[in-house]
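This is what each chain is made of:
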Amino acid sequence: MDDGFLMEVCVDSVESAVNAERGGAGRIELCAGLVEGGTTPSMGLLQVVKQCVRVPVFVMIRPRGGDFLYSDREVEVMKADIRLAKLHGADGLVFGALTEDGRIDTELCTALLAVCRPLPVTFHRAFDMVHDPVVALETLISLGFERVLTSGCDSSALEGLSLIKRLAEQVMPSALNVTSLLFLPGGGITERNLQRILEGSTASEFHCSARSARDSGMKFRNPNVTMGASFSAPEYSIKVADVAKVRTLNAIAKNIL
């Protein structure tokens, strides 16, 4: 925490983690598959990132892209990944789980939280897919999550700003006698909208990726082949956290809060 706020940067590589820290990030969310919104990273990636950065590293626990309704076998994978992440130095965990009717899966979350402890846990943007965010927030408070990452149940944190503000007011100590749950506005945050989001949400932390595309170093290129589906990222362009963008966002937040 610095000057009353903390910037969390989501990354999927060692290079991005190092760049995020150099730019002023106070915490890293380590993921794979950012094209899908983030999935569980490899433990090799976690080990090397922990060797290269000093800021806390929170690890995404999400066995696949898509929805947040998990099978029994997927739950076993999540529990195993949590144990491994703790073993390899994770400073916190990030997950979310819903029932088929769009509610917080309290039974599953309780079980996963027990495996995560004593580390802090963030409920991720599965929150943005709930049927009733007011009820969902009360559930997260009762379960003991430390943070919730949200775009205000909209396409971006700016679009969902009014809901983020209402929910933040909902968890004020005078309203629900709680002091621990923090909101992380996240989703589409850039240097152009950060000031509006921070001023409108009263958040003390925020979440961003701050990435730029970097051209591949490959000299030989085959334009006829892609490694994934047609909507996947191009093979010869790599997105990494941009030190300058992180620094700019950091500077904006310092000037506001």
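For every chain, the first residue of the written sequence is number 1, and numbering continues from 1 onward in sequence order. This being a predicted model, a pLDDT of at least 70 is required before a residue's local features are given, and a value of 80 or more before pairs of side-chain atoms are given or counted; all residues contribute to the totals for chains, interfaces and linings. The basis for the side-chain values is all heavy atoms of the structure; hydrogens and waters are excluded.

In the nomenclature of an unreviewed UniProt entry, the protein chain corresponds to Copper homeostasis protein cutC homolog from the organism Ramphastos sulfuratus. UniProt positions are given in the numbering used here, feature names are shortened, and annotations may be inferred rather than shown by experiment. Recorded under Function (unreviewed entry), the UniProt text for the protein chain is reproduced unchanged: "May play a role in copper homeostasis. Can bind one Cu(1+) per subunit." Its UniProt record gives the protein chain the following Subunit (unreviewed entry) comment, quoted word for word: "Homotetramer."

Engineer: Even after reading the chapter, I still don't get the packing of aromatic side chains, so can you show me in this structure?
Structural biologist: How two aromatic rings sit relative to each other is given by the distance of their centres and the angle of their planes. Aromatic rings from Phe, Tyr and Trp, with only the six-membered ring used for Trp, were paired whenever their centres fell within 6.5 Å, and each pair was classed as stacked if the ring planes differed by under 30 degrees, edge-to-face if by over 60, and tilted otherwise. Going through the model one piece at a time under the given rule, you end up with three aromatic pairs. Both rings, one in phenylalanine 5 and one in phenylalanine 206, keep their centres 6.2 Å apart while their planes meet at 20°; by these two values the pair is stacked. Linking phenylalanine 5 in the segment before β1 (6-11) with phenylalanine 206 in strand β8 (residues 205-208), this pair joins segments that are 201 residues apart in sequence. Here phenylalanine 5 and phenylalanine 206 have matching classes, each one buried. Between phenylalanine 95 and phenylalanine 145, the aromatic rings sit 5.5 Å apart at their centres with planes inclined by 65°, giving edge-to-face as the arrangement. Of this pair, phenylalanine 95 sits in strand β4 (residues 92-95) while phenylalanine 145 sits in the loop between α5 (133-143) and β6 (147-150), placing them 50 residues apart in sequence. Across the pair, phenylalanine 145 and phenylalanine 95 agree in class, each one buried. Joined through ring pairs, the aromatic side chains of Phe95, Phe123 and Phe145 make up one cluster. Counting from the N terminus, the helices are the DSSP runs of H or I reaching at least four residues and the strands are the DSSP runs of E reaching at least two. Between buried and exposed lies partly exposed: a residue is buried under 20% and exposed over 50% of the maximum accessible area for its type, with that area taken using a 1.4 Å probe on protein chains only.

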